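Structural characterization, general
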Amino acid sequence: MSVRNDPDVVVIGAGFAGLYMIHRLRELGISVHGLEAADGVGGTWYWNRYPGARCDSESYYYCYAFSRELEQEWDWSERYPGQAEILSYLEHVADRFDLRRSVSFSTTVVSAAHDGDRWVIDTEGGARWTCRWLVTAVGCLSSANVPDIPGLESFAGEWHHTGQWPHEGVDVTGRRVGVVGTGSTGIQAIPVLAASAGELTVFQRTANFSIPARNAPLSDDEAAGYKADYAAIRAVQQASTNGHPFVVSDVDTLALSDDERRELFERAWERGGLRFRAAVRDVLADPAVNEKASDFLRSKIRSTVEDPDVAETLTPRDHPFATKRPPIDTDYFETYNRENVTLVDVRADPIAEITPDGVRLASGAEHPLDVLVFATGFDALSGPLLRLGLRGTGGVALADAWAEGAATYLGLGVAGFPNLFTITGPGSPSVLTNMPTSIEQHVDWIADLVAHLRAHDLDAEPTPEAQARWADHVREAADATLLPQAASSWYLGANVPGKPRVFLPYAGGFARYREMCDAEAAAGYPGFALRARREVA
Ligand code: NA7
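Presented here is an overview of the structure given in this document. (Residues numbered from 1 in each chain as written. Predicted model: local features only at pLDDT ≥ 70, side-chain atom pairs only at ≥ 80, totals over all residues. Heavy atoms only, no water.)

This part is about the nonpolar core. For soluble globular proteins, the rule of thumb is that nonpolar side chains tend to be buried together. Within the largest apolar cluster, 101 residues are counted, with the highest numbers of intra-cluster contacts made by Tyr89, Ile121, Leu134 and Phe421. Among the elements that make up this core, the one with the highest residue count is helix α14 (residues 435–456) (nine residues). Taken domain by domain, the makeup of this core includes at least three residues from each of domain 1 (9–143 + 379–532) and domain 2 (211–374). Sequence-distant contacts of Ile121, defined by excluding residues within four places in its chain, comprise Val10, Leu35, Val109, Ser111, Ala112, Ala127, Arg128, Trp129, Cys131 and Leu134. Counting 27 residues, the second largest nonpolar core, distinct from the first, contains Val177, Ile190, Ile301 and Leu314. (Core = buried A, V, L, I, M, F, W, Y, C linked by side-chain atoms within 4.5 Å. Buried < 20%, exposed > 50% of the residue type's maximum accessible area, 1.4 Å probe, protein only. Helix = DSSP H or I, 4+ residues; strand = E, 2+ residues; numbered from the N terminus. Domains from an automatic or database assignment. Contact = heavy atoms within 4.5 Å.)

Turning next to the environment of Tyr513. Note that Tyr513 resides in helix α16 (residues 510–522). Along the sequence, Tyr513 and Tyr50 sit 463 residues apart, while their C-alpha atoms lie 33 Å from each other. For Tyr513, the residues in contact, after removing those within four places along its chain, are Leu410, Leu412, Gly427, Ser428, Pro429, Gln441, His442, Trp470 and Tyr506.

With that settled, the discussion passes to the sheet that holds strand β13 (residues 341–345). Here we have five strands laid out as an open sheet, ordered β8-β17-β9-β10-β13, and parallel in their pairing. Where the open sheet ends on each side, the last strands, each with one partner, are β8 (158–161) and β13. Looking at each pair of strands side by side, their axes are set apart by 15° on average, direction ignored. Summarising the sheet, strand β9 (residues 176–180) and strand β17 (residues 371–374) pair through four bridges and their orientation is parallel. Bridge pairing in β17 links Val180 to Phe374. (Pairing = 2+ DSSP bridges. Axes fitted to C-alpha atoms, helices over the stretch in contact; angles between N-to-C directions.)

Structure representation (structure tokens):
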């Protein structure tokens, strides 16, 4: 199939965001082409194939809402979808809506420069694309953060970052495996790796809260119930803070007796997953409420982990519950009761170097390993955009524009970067929400804007004033919560050495954010400079 190298719109990425963006623009009759580094669709779910990779949102709403037919015809098998099932779903979407013909796969963007008239996009293979409007659909957690530990290149075993897991898998049977990192990923992978590894050593820097997911097969009755209820489910999501179809409890937990409160927490614990948070009103707003919930979760670690010293090392005391992304798990704390699992506190005794044989700590203690797994997260939100090599007006690099930290208007565009639109960019609710919900809202909004610009032959970019106001609002929204209290959070960029500390996602809530985006569009995009197209000789 031949493709034209100058469509109206180029979309970078073919995960949840890119696929829907292509679909929407094609429906509007706008020419569009996608560029995707991987050799298939899926984005996050293409790359993150580590053992135990699973979504923390429940399957019935971790999916697109734009097609009633799609909602009805797809059958999820479990309460939480695993990586392979989500990838199959996205492959099905790509086929069902005939999207693959609009994507060049195995095509990595190395630079994209705005030349005054069009975006010029260069790819690793040498192909050049031009377009008038450029949309990034590169995800928030796609730029792997591999710690710069001396000696890694000398390691004689194999090492992998979870976000770039080999497609053929890694056989850990009977081998000595080390895992660095106890975020959501490490907490999912550790129990699965422990079940087949000979020995598993977990190198923990920050102890984490985690709540049992309570994953289970989805019964036919449950699935049919969700399918019958979709209209109501979607309405709750649209009105929610996090894009989940949960109604946050209105119970004042501080007004309850200790027994009543414990009972409420126990019920939420039994229900499991991210619903725990929704059961505790004001958990991210009121420190006293949070402390009660945090105490409850700490008590669960003590009662699950048999060795009291190990339990204490696993107990988070440096940040309130949910101020770092709250993981959910299957048998995470139970795993530390296994004979073949060792916990190493690398806050107390940091990793000094990797040797050919394994990990050596500052104290000199050695941990021989055959396989080393980095579950060390991502250069979140801004990282995936920075590595595209974007250059705006006057050749200004995004890296320079963001030297003091990522700044956008509504998370949707960047001043000085005309006709660039960023799906779930920094400053949007993104990672604080159910991603497909935020993605669809952004895609619909961007599609409407591009249709407007095309109809009136306009270019658009956020005004510096609107961007500065938005930065203030993003900061205020975070400061109105307990979220900034987690000093080492990737929400703040604190996990990547040298990254400016800016609270990256918008914490004001999905519904409120959506209303602000709608108001911006209804008012004729006052936060954007709209200019009649400059004719180039
Ligand atoms: P996270 O949440 O960033 O977790 C990374 C973990 O790796 C975390 O425990 C880090 O400790 C640890 N880490 C990072 N660098 C190091 C070094 N140098 N030494 C020791 N430990 C380190 O990433 P995930 O992949 O788990 O989750 C990302 C999101 O993906 C998740 O929230 C879901 O939205 C899906 P730290 O806490 O920084 O001390």
